[in-house]
Amino acid sequence: MKNKLLIIGASGHGKVVADIALRMNKWQNVAFIDDNKNITTSMGLEVIGTSEEVSLHINDCDIFVGIGNNVLRQSVHEKLEASGASIPSLIHPDAIIGSQVNLGIGTVVMARTIINCGSIIGKGCIINTASTIDHDNYIANFVHLSPGVHLAGSVTVGQGSWLGIGSVVSNNVSITGGCTMGAGAVVIKDVTEAGVYVGVPVRRV
(Lines give C-alpha, C1' and ligand atoms only; values in the text may rest on other atoms or scores of the structure.)
Protein backbone atom coordinates (compact mmCIF):
# COMPACT_ATOMS: atom_id res chain seq x y z
CA MET A 1 0.00 0.00 0.00
CA LYS A 2 1.18 3.53 -0.83
CA ASN A 3 0.76 6.78 1.06
CA LYS A 4 -1.42 8.41 -1.60
CA LEU A 5 -4.75 7.32 -3.07
CA LEU A 6 -5.95 8.54 -6.46
CA ILE A 7 -9.64 8.05 -7.30
CA ILE A 8 -10.71 8.03 -10.94
CA GLY A 9 -14.08 9.78 -11.09
CA ALA A 10 -15.07 12.78 -8.96
CA SER A 11 -18.87 12.57 -9.38
CA GLY A 12 -21.50 10.84 -7.24
CA HIS A 13 -20.05 7.36 -6.84
CA GLY A 14 -16.50 8.70 -6.68
CA LYS A 15 -17.46 11.01 -3.83
CA VAL A 16 -18.84 8.11 -1.78
CA VAL A 17 -15.65 6.16 -2.50
CA ALA A 18 -13.57 9.12 -1.32
CA ASP A 19 -15.61 9.42 1.87
CA ILE A 20 -14.93 5.76 2.64
CA ALA A 21 -11.22 6.17 1.89
CA LEU A 22 -11.01 9.13 4.26
CA ARG A 23 -12.82 7.22 7.01
CA MET A 24 -10.39 4.31 6.59
CA ASN A 25 -7.57 6.73 7.47
CA LYS A 26 -4.93 4.70 5.63
CA TRP A 27 -3.67 7.30 3.16
CA GLN A 28 -1.88 10.56 3.90
CA ASN A 29 -3.33 12.12 0.76
CA VAL A 30 -6.49 11.41 -1.29
CA ALA A 31 -7.14 13.11 -4.63
CA PHE A 32 -9.25 12.71 -7.78
CA ILE A 33 -8.73 12.29 -11.51
CA ASP A 34 -11.68 13.37 -13.68
CA ASP A 35 -12.14 14.16 -17.38
CA ASN A 36 -14.43 17.10 -16.64
CA LYS A 37 -11.90 19.93 -16.54
CA ASN A 38 -14.47 22.24 -14.93
CA ILE A 39 -14.24 20.19 -11.71
CA THR A 40 -11.25 21.32 -9.68
CA THR A 41 -12.31 20.00 -6.27
CA SER A 42 -14.77 17.40 -4.95
CA MET A 43 -15.48 16.47 -1.35
CA GLY A 44 -12.91 19.13 -0.48
CA LEU A 45 -10.25 17.09 -2.31
CA GLU A 46 -8.19 18.27 -5.25
CA VAL A 47 -8.80 17.06 -8.83
CA ILE A 48 -5.24 16.77 -10.15
CA GLY A 49 -5.76 15.85 -13.79
CA THR A 50 -7.61 13.77 -16.37
CA SER A 51 -7.63 10.06 -17.12
CA GLU A 52 -4.99 10.57 -19.81
CA GLU A 53 -2.56 11.46 -17.01
CA VAL A 54 -3.12 8.43 -14.79
CA SER A 55 0.13 6.80 -15.90
CA LEU A 56 2.05 9.68 -14.33
CA HIS A 57 0.84 8.59 -10.89
CA ILE A 58 1.12 4.80 -11.03
CA ASN A 59 4.45 4.66 -9.20
CA ASP A 60 3.39 7.03 -6.41
CA CYS A 61 -0.28 6.26 -5.74
CA ASP A 62 -2.73 3.51 -5.06
CA ILE A 63 -5.43 3.97 -7.71
CA PHE A 64 -9.14 3.19 -7.36
CA VAL A 65 -11.84 3.39 -10.04
CA GLY A 66 -14.75 5.40 -8.66
CA ILE A 67 -17.05 4.94 -11.67
CA GLY A 68 -20.55 3.54 -11.16
CA ASN A 69 -21.15 2.19 -14.68
CA ASN A 70 -20.13 -1.48 -14.71
CA VAL A 71 -18.86 -1.58 -18.29
CA LEU A 72 -16.79 1.60 -18.03
CA ARG A 73 -15.48 0.65 -14.58
CA GLN A 74 -14.33 -2.72 -15.94
CA SER A 75 -12.58 -1.12 -18.92
CA VAL A 76 -10.67 1.38 -16.79
CA HIS A 77 -9.87 -1.16 -14.07
CA GLU A 78 -8.47 -3.70 -16.53
CA LYS A 79 -6.22 -1.09 -18.14
CA LEU A 80 -4.90 -0.11 -14.72
CA GLU A 81 -4.32 -3.73 -13.75
CA ALA A 82 -2.45 -4.41 -17.00
CA SER A 83 -0.22 -1.40 -16.35
CA GLY A 84 0.79 -2.73 -12.94
CA ALA A 85 -1.12 -0.18 -10.86
CA SER A 86 -1.64 -0.83 -7.14
CA ILE A 87 -5.42 -1.19 -6.75
CA PRO A 88 -6.79 -1.48 -3.20
CA SER A 89 -10.18 -2.61 -1.96
CA LEU A 90 -12.11 -0.14 0.20
CA ILE A 91 -14.25 -1.13 3.18
CA HIS A 92 -16.31 1.34 5.19
CA PRO A 93 -15.52 1.05 8.92
CA ASP A 94 -19.21 0.42 9.64
CA ALA A 95 -19.39 -2.61 7.33
CA ILE A 96 -19.39 -6.10 8.87
CA ILE A 97 -17.22 -8.68 7.11
CA GLY A 98 -17.44 -12.31 8.24
CA SER A 99 -14.67 -14.86 8.46
CA GLN A 100 -13.20 -16.45 5.32
CA VAL A 101 -14.58 -13.71 3.08
CA ASN A 102 -12.46 -12.94 0.02
CA LEU A 103 -12.67 -9.45 -1.51
CA GLY A 104 -11.16 -8.73 -4.91
CA ILE A 105 -9.07 -5.67 -5.70
CA GLY A 106 -10.94 -2.54 -6.72
CA THR A 107 -14.08 -3.55 -4.81
CA VAL A 108 -15.80 -1.08 -2.50
CA VAL A 109 -17.96 -2.15 0.47
CA MET A 110 -20.15 0.67 1.72
CA ALA A 111 -21.60 1.63 5.09
CA ARG A 112 -23.77 -0.82 7.05
CA THR A 113 -23.18 -3.63 4.59
CA ILE A 114 -22.96 -7.19 5.94
CA ILE A 115 -21.02 -9.91 4.14
CA ASN A 116 -21.25 -13.25 5.90
CA CYS A 117 -18.74 -16.07 6.13
CA GLY A 118 -17.43 -17.98 3.16
CA SER A 119 -18.50 -15.47 0.53
CA ILE A 120 -16.28 -14.55 -2.42
CA ILE A 121 -16.53 -11.08 -3.94
CA GLY A 122 -14.76 -10.48 -7.25
CA LYS A 123 -12.72 -7.49 -8.34
CA GLY A 124 -14.14 -4.12 -9.23
CA CYS A 125 -17.47 -4.70 -7.48
CA ILE A 126 -19.74 -2.17 -5.79
CA ILE A 127 -21.38 -3.53 -2.65
CA ASN A 128 -23.60 -0.59 -1.88
CA THR A 129 -25.06 0.90 1.28
CA ALA A 130 -26.84 -1.44 3.73
CA SER A 131 -26.82 -4.43 1.37
CA THR A 132 -26.49 -7.93 2.84
CA ILE A 133 -24.70 -10.94 1.40
CA ASP A 134 -25.26 -14.11 3.35
CA HIS A 135 -23.00 -17.15 3.64
CA ASP A 136 -21.19 -18.79 0.72
CA ASN A 137 -22.19 -16.33 -1.98
CA TYR A 138 -20.13 -15.93 -5.13
CA ILE A 139 -20.21 -12.44 -6.65
CA ALA A 140 -18.26 -12.31 -9.91
CA ASN A 141 -16.16 -9.39 -11.16
CA PHE A 142 -17.62 -5.92 -11.83
CA VAL A 143 -21.01 -6.56 -10.24
CA HIS A 144 -22.99 -3.71 -8.69
CA LEU A 145 -25.30 -4.46 -5.78
CA SER A 146 -27.35 -1.31 -5.19
CA PRO A 147 -28.36 -0.01 -1.74
CA GLY A 148 -30.52 -2.39 0.25
CA VAL A 149 -29.97 -5.48 -1.90
CA HIS A 150 -30.37 -8.71 0.07
CA LEU A 151 -28.87 -12.01 -1.06
CA ALA A 152 -29.68 -15.21 0.83
CA GLY A 153 -27.20 -18.06 1.26
CA SER A 154 -25.29 -19.69 -1.62
CA VAL A 155 -26.30 -17.13 -4.25
CA THR A 156 -24.22 -16.62 -7.42
CA VAL A 157 -24.24 -13.35 -9.36
CA GLY A 158 -22.46 -13.38 -12.74
CA GLN A 159 -19.98 -10.86 -14.09
CA GLY A 160 -21.19 -7.35 -14.82
CA SER A 161 -24.69 -7.83 -13.45
CA TRP A 162 -26.43 -4.96 -11.70
CA LEU A 163 -29.06 -5.54 -9.02
CA GLY A 164 -31.28 -2.49 -8.48
CA ILE A 165 -32.08 -0.92 -5.14
CA GLY A 166 -33.97 -3.19 -2.77
CA SER A 167 -33.60 -6.35 -4.87
CA VAL A 168 -33.96 -9.69 -3.07
CA VAL A 169 -32.50 -13.04 -4.17
CA SER A 170 -33.55 -16.36 -2.62
CA ASN A 171 -31.06 -18.95 -1.43
CA ASN A 172 -29.27 -21.24 -3.91
CA VAL A 173 -30.22 -19.04 -6.87
CA SER A 174 -27.81 -18.24 -9.70
CA ILE A 175 -27.99 -15.08 -11.83
CA THR A 176 -25.98 -15.16 -15.03
CA GLY A 177 -23.68 -12.34 -16.13
CA GLY A 178 -24.92 -9.25 -17.92
CA CYS A 179 -28.23 -8.99 -16.09
CA THR A 180 -29.98 -5.90 -14.79
CA MET A 181 -32.55 -6.37 -12.01
CA GLY A 182 -34.99 -3.51 -11.53
CA ALA A 183 -35.66 -1.80 -8.22
CA GLY A 184 -37.41 -4.11 -5.76
CA ALA A 185 -36.98 -7.18 -7.96
CA VAL A 186 -37.46 -10.56 -6.29
CA VAL A 187 -35.49 -13.45 -7.79
CA ILE A 188 -36.68 -16.89 -6.66
CA LYS A 189 -35.21 -19.14 -9.37
CA ASP A 190 -32.13 -19.25 -11.57
CA VAL A 191 -31.75 -16.58 -14.25
CA THR A 192 -29.87 -18.11 -17.16
CA GLU A 193 -30.29 -15.47 -19.88
CA ALA A 194 -28.75 -12.00 -19.83
CA GLY A 195 -31.20 -9.12 -19.97
CA VAL A 196 -33.35 -6.73 -17.97
CA TYR A 197 -35.67 -8.20 -15.35
CA VAL A 198 -38.36 -6.57 -13.21
CA GLY A 199 -41.15 -7.57 -10.88
CA VAL A 200 -42.13 -9.91 -8.06
CA PRO A 201 -41.08 -12.50 -9.01
CA VAL A 202 -38.92 -11.22 -11.82
CA ARG A 203 -39.78 -11.51 -15.49
CA ARG A 204 -37.59 -10.60 -18.44
CA VAL A 205 -38.54 -7.43 -20.35
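All figures in this text were calculated on a predicted structure; none of them were measured in a lab.

Peer 1: What exactly am I supposed to notice about helix H2 (residues 70–82) here?
Peer 2: Residues three or four positions apart in an α-helix share a direction because the helix packs 3.6 residues into each turn. Here H2 contains 13 residues, and its C-alpha end-to-end distance of 18 Å stays within 8% of the 18 Å for a straight helix at 1.5 Å per residue. Residues Asn70, Arg73, Val76, His77 and Leu80 constitute the buried set of H2. For H2, the angular spread of buried residues about the axis comes to 135 degrees, placing them on one side. Away from its buried face, by an angle of more than 90 degrees, H2 presents the exposed residues Val71, Lys79 and Ala82. Tucked inside the fold, the buried residues of H2 contact strand S1 (4–8), strand S5 (61–65), strand S12 (126–127), strand S15 (144–145) and strand S18 (162–163). Among the residues trailing H2, Gly84 stands out with phi positive, at a value near 85 degrees.

Peer 1: Teacher, can you tell me more about the sheet that holds S18 here?
Peer 2: As a general point, the strands of a sheet are linked pairwise by backbone hydrogen bonds and lie either parallel or antiparallel. Spatially, the eight strands line up as an open sheet ordered S6-S9-S12-S15-S18-S21-S23-S24, and their pairing is mixed. The open sheet has two edge strands with one neighbour each: strand S6 (90–91) and strand S24 (203–204).

Peer 1: Would you mind going over the layout of surface pockets with me for this structure?
Peer 2: Gaps between atoms show up when a probe of the same size as a water molecule is rolled over them. One number sums up the size of the largest pocket: a volume of about 420 Å³. If you go around the largest pocket, you meet 23 residues; those closest to its centre are Ile8, Asp35, Ser51, Ile67 and Val76. Where the lining of the largest pocket is concerned, the elements lending two or more residues are helix H1 (12–24) and H2. If you tally residues by element for the lining of the largest pocket, the top one is H2, at five residues. A per-class count over the lining of the largest pocket returns eight nonpolar, eleven polar and four charged.

Peer 1: In this structure, what is going on with the side chain of Ser42? I would like to understand it.
Peer 2: Its location among the elements puts Ser42 in strand S3 (residues 41–42). Ser42 sits in the buried class, given a relative accessible area of 7%. If near-sequence neighbours (up to four positions away) are discounted, Ser42 is found in contact with Ala10, Lys15, Phe32 and Val47.

Peer 1: Help me out: how do you make sense of the pairing of strand S2 (residues 29–33) in this one?
Peer 2: The two faces of the sheet receive side chains in turn, since in a regular strand these alternate between them. Of all the five residues making up S2, four are buried; the element is thus mostly covered by neighbouring parts of the structure. Here S1 pairs with S2 via five bridges, running parallel. Counted as the bridge partner of Lys4 is Asn29 from S2. Handedness of the crossover joining S1 and S2 through H1 is recorded here as right-handed.

Peer 1: Explain the sheet that holds strand S14 (residues 138–139) to me, please; I cannot follow it from the model alone.
Peer 2: Spatial ordering of the open sheet is given by S8-S11-S14-S17-S20, a layout of five strands whose pairing is parallel. At either end of the open sheet lies a strand with only one pairing partner, and these are strand S8 (102–103) and strand S20 (174–175). Across two bridges, S8 lies against strand S11 (residues 120–121) in parallel orientation. Residue pairing in the sheet places Asn102 in a bridge with Ile120 of S11.

Peer 1: Would you mind showing me how to read the pattern of salt bridges here?
Peer 2: Side chains that carry opposite charge are capable of pairing whenever their charged atoms lie near each other. Applying the stated criterion across every chain yields a total of three salt bridges. Here Glu81 makes a salt bridge to Lys123, at a shortest N to O gap of 3.1 Å. Of the two residues, Glu81 sits in helix H2 while Lys123 sits in the loop between S11 and S12, which places them 42 residues apart along the sequence. For Arg204, the salt bridge is made with Glu193, and the minimal N-O distance between the two is 3.7 Å. In this pair, Arg204 is assigned in strand S24 and Glu193 in the loop between strand S22 (186–187) and strand S23 (195–198), connecting sequence segments eleven residues apart.

Peer 1: Honestly, the environment of Ala18 in this entry has me stumped. Any pointers?
Peer 2: Among the secondary structure elements, Ala18 is positioned in helix H1. Note on Ala18: relative accessible area 0%, which makes it buried. Here the alpha-carbon distance between Ala18 and Ser174, two residues 156 residues apart in the chain, equals 32 Å.

Peer 1: How should I be thinking about H1 in this particular structure?
Peer 2: In a regular helix each residue adds 1.5 Å, so 13 residues correspond to 18 Å; H1 covers 19 Å between its end C-alpha atoms and thus fits that length. By the burial criterion, the buried members of H1 are His13, Gly14, Val17, Ala18, Ile20, Ala21 and Met24. Down the axis of H1, the smallest arc covering the buried residues is 160 degrees, so these residues share one side.

So, how was this worked out
Residues numbered from 1 in each chain as written. Predicted model: local features only at pLDDT ≥ 70, side-chain atom pairs only at ≥ 80, totals over all residues. Heavy atoms only, no water. Helix = DSSP H or I, 4+ residues; strand = E, 2+ residues; numbered from the N terminus. Expected span 1.5 Å × (residues − 1). Buried < 20%, exposed > 50% of the residue type's maximum accessible area, 1.4 Å probe, protein only. Arc of directions from axis to C-beta. Contact = heavy atoms within 4.5 Å. Pairing = 2+ DSSP bridges. 1 Å grid on protein atoms, 1.4 Å probe; cavity = no way out; pocket = protein on both sides within 12 Å on 5 of 7 lines; lining within 4 Å. Points joined across faces, edges and corners; volume = space filled by probe spheres on them. Nonpolar A, V, L, I, M, F, W, Y, C, P; charged D, E, K, R; others polar. Right-handed = clockwise from strand over helix to strand, strands pointing away. Salt bridge = Lys/Arg side-chain N within 4 Å of Asp/Glu carboxyl O.

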